[in-house]
Amino acid sequence: MSTENLPQSPEQPPRKPRVAVVFGGRSSEHGISVVTAGAVLKAIDRTKYDVLPIGITQDGRWVLTADEPERMAIVDRRPPSVDALAESAEGGVILPVDPANREVVYSEPGSVPKALGEVDVVFPVLHGPYGEDGTLQGLLELSGVPYVGSGVLASAVGQDKEYMKRVFTSFGLKVGPYVVVRPREWEQDQAAARKKIVDFAGEHGWPLFVKPSRAGSSIGITKVDDLSGLDEAIAEAQRHDPKILVEAALRGREIECGVLEFEDGPRASLPAEIPPPEAQAYYDFEAKYIDSTPGLVPAPLTPEETAGVQRLAVDAFEAASCEGLVRADFFLTEDGEFVINEINTMPGFTPISMYPQMWQASGVSYPELIDLLVRAALRRSTGLR
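The written sequence of each chain sets the order in which its residues are numbered from 1. Where totals are concerned, whole chains, interfaces and linings use all residues; where local detail is concerned, this predicted model gives features only for residues with pLDDT of at least 70, and gives and counts side-chain atom pairs only at 80 or more. Calculated side-chain values reflect all of the structure's heavy atoms, with hydrogen atoms and water omitted.

### A look at the UniProt feature "active site" (unreviewed entry) in the chain
Logical step 1: UniProt's feature table lists "active site" (unreviewed entry) at Glu29, Ser217 and Ser353, given in the numbering used throughout.
Logical step 2: Position of Ser353 relative to the elements: it lies in the loop between strand S16 (338–344) and helix H10 (354–361).
Logical step 3: Given the relative accessible area of 7%, Ser353 is considered buried.
Logical step 4: A distance of 3.2 Å separates the side chain of Ser353 from the backbone oxygen of Gly348, its partner in a polar contact. UniProt positions are given in the numbering used here, feature names are shortened, and annotations may be inferred rather than shown by experiment. The way it works is that DSSP assigns letters per residue, a run of H or I at least four long becomes a helix, a run of E at least two long becomes a strand, and they are numbered from the N terminus. Under the scheme applied here, a residue whose accessible area is under 20% of the maximum for its type counts as buried, over 50% as exposed, and between as partly exposed, the area being computed with a 1.4 Å probe on protein chains only. Throughout this description, a polar contact denotes any pair of N or O atoms lying within 3.5 Å of each other; where both atoms belong to protein, one of them has to be capable of donating a hydrogen while the other can accept it, and for residues adjacent in sequence the pair is counted only when both atoms sit in side chains.

### Some words on the sheet that holds strand S7 (residues 121–124)
Strands in a sheet are paired, the pairing made by backbone hydrogen bonds, and the direction either parallel or antiparallel.
Logical step 1: Here the rule is simple: two strands pair whenever DSSP picks up at least two bridges between them. With mixed pairing, four strands are arranged side by side in an open sheet as S3-S2-S1-S7. The open sheet has two edge strands with one neighbour each: strand S3 (62–64) and S7. For this sheet, the mean inter-axis angle between neighbouring strands, taken without regard to orientation, is 30 degrees.
Logical step 2: With four bridges connecting them, strand S1 (residues 18–24) and S7 associate as parallel partners. Looking at the pairing, Val22 lines up with Pro124 of S7.
Logical step 3: Any two residues having at least one pair of non-hydrogen atoms within 4.5 Å are treated as being in contact. Helix axes are fitted only over the stretch in contact, all axes being lines through C-alpha atoms; the angle between N-to-C directions runs from 0 to 180 degrees. Relative to the sheet, helix H11 (residues 366–379) contacts S1 and S7, its axis offset from that of S7 by approximately 130 degrees.

### As for the packing of helix H3 (residues 152–159) against helix H4 (residues 161–170)
Logical step 1: With their axes 5 Å apart at the nearest point, H3 and H4 run at an angle of 110 degrees to one another. Here H4 runs roughly perpendicular to H3, going by the angle between their axes. Residues Val157, Gly158 and Gln159 of H3 touch H4, and the partners they reach there are Lys161, Tyr163, Met164 and Val167.
Logical step 2: For this classification, the nonpolar set comprises Ala, Val, Leu, Ile, Met, Phe, Trp, Tyr, Cys and Pro, the charged set comprises Asp, Glu, Lys and Arg, and every other residue, Gly included, is treated as polar. Among the residues forming the contact of H3 with H4, the class breakdown is four nonpolar, two polar and one charged. Angular relationships are summarised with four words: roughly parallel below 35 degrees, roughly antiparallel beyond 145, roughly perpendicular across 65 to 115, and oblique for the angles in between.

Laid out in structure tokens, this is it:
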């Protein structure tokens, strides 16, 4: 039978790529991740992308959340939480673990699981352990789902400040003096571990900065001016990570630079300078997110200094095998040398965060920045690359 005279169905318009914005998580940076997600949800171009907001509660449950960015803000100095945004207290989201199937499923006790459709790319705006550190990236690799940002190795290196510094040193990037106290050292002989830090202070002087090795957003960091504050600083850092990093204070200006992956490779933004906050001893969590200490964008640097820090930021991006984006933080010392402090493979995307501000000053708007990151993720395959 001929089909020439049968009515032809009109062609379906192409489906928009579906972006799952995953946020929250189990780390102490949960609230800042929610704020970041609100900014991304507000700015992402809905004419180009379908969006599925997925939150991870502080106890690790994956939930559907309201697509209401206005509820994802710091109110009365308190960060928001996924639990307050969850559509159900019991329902959960299940990601596929079969690379041939990208369909997300939602289930509630006593109900038939409901398919939510396929996800083309995940935008993971989690900060800290259990999200930014390669754990979520590994899950997405197993699932065969493309995602924004660095892969497993670069994410893990970017989270662990000790190994980050070791990688940078091996590539010829200058880092400041530091010493690490591992969990086993502390458990076996606290006196010897404490002496290790005191000897370090004897060599490099006070103050010291005592940090969790695998945390961000300046959480758990203490500036220690003398021996009397050391034990309390160690206890505070260990609340967030059993491995602690102790750094010597560097005298100089704090300079940040954004790196973004374009089709022809990574490029650096105009840098920013973080002036010393007036109310805090250093650029801590309160200064960053509560009091919103403004940065100087672009940083008042010479053309040679600007070009130098941009080159070093891209060098750091490449040294750690990063993808998508990085914020690289430096000290410009009094003798005119740039010393890299750290990189952040998923920097804050809040409206006051330095990374989007630096790209705005470089000619890339917030919505354009998100679009570039999603497009870069869609170009990449999962697996070895």
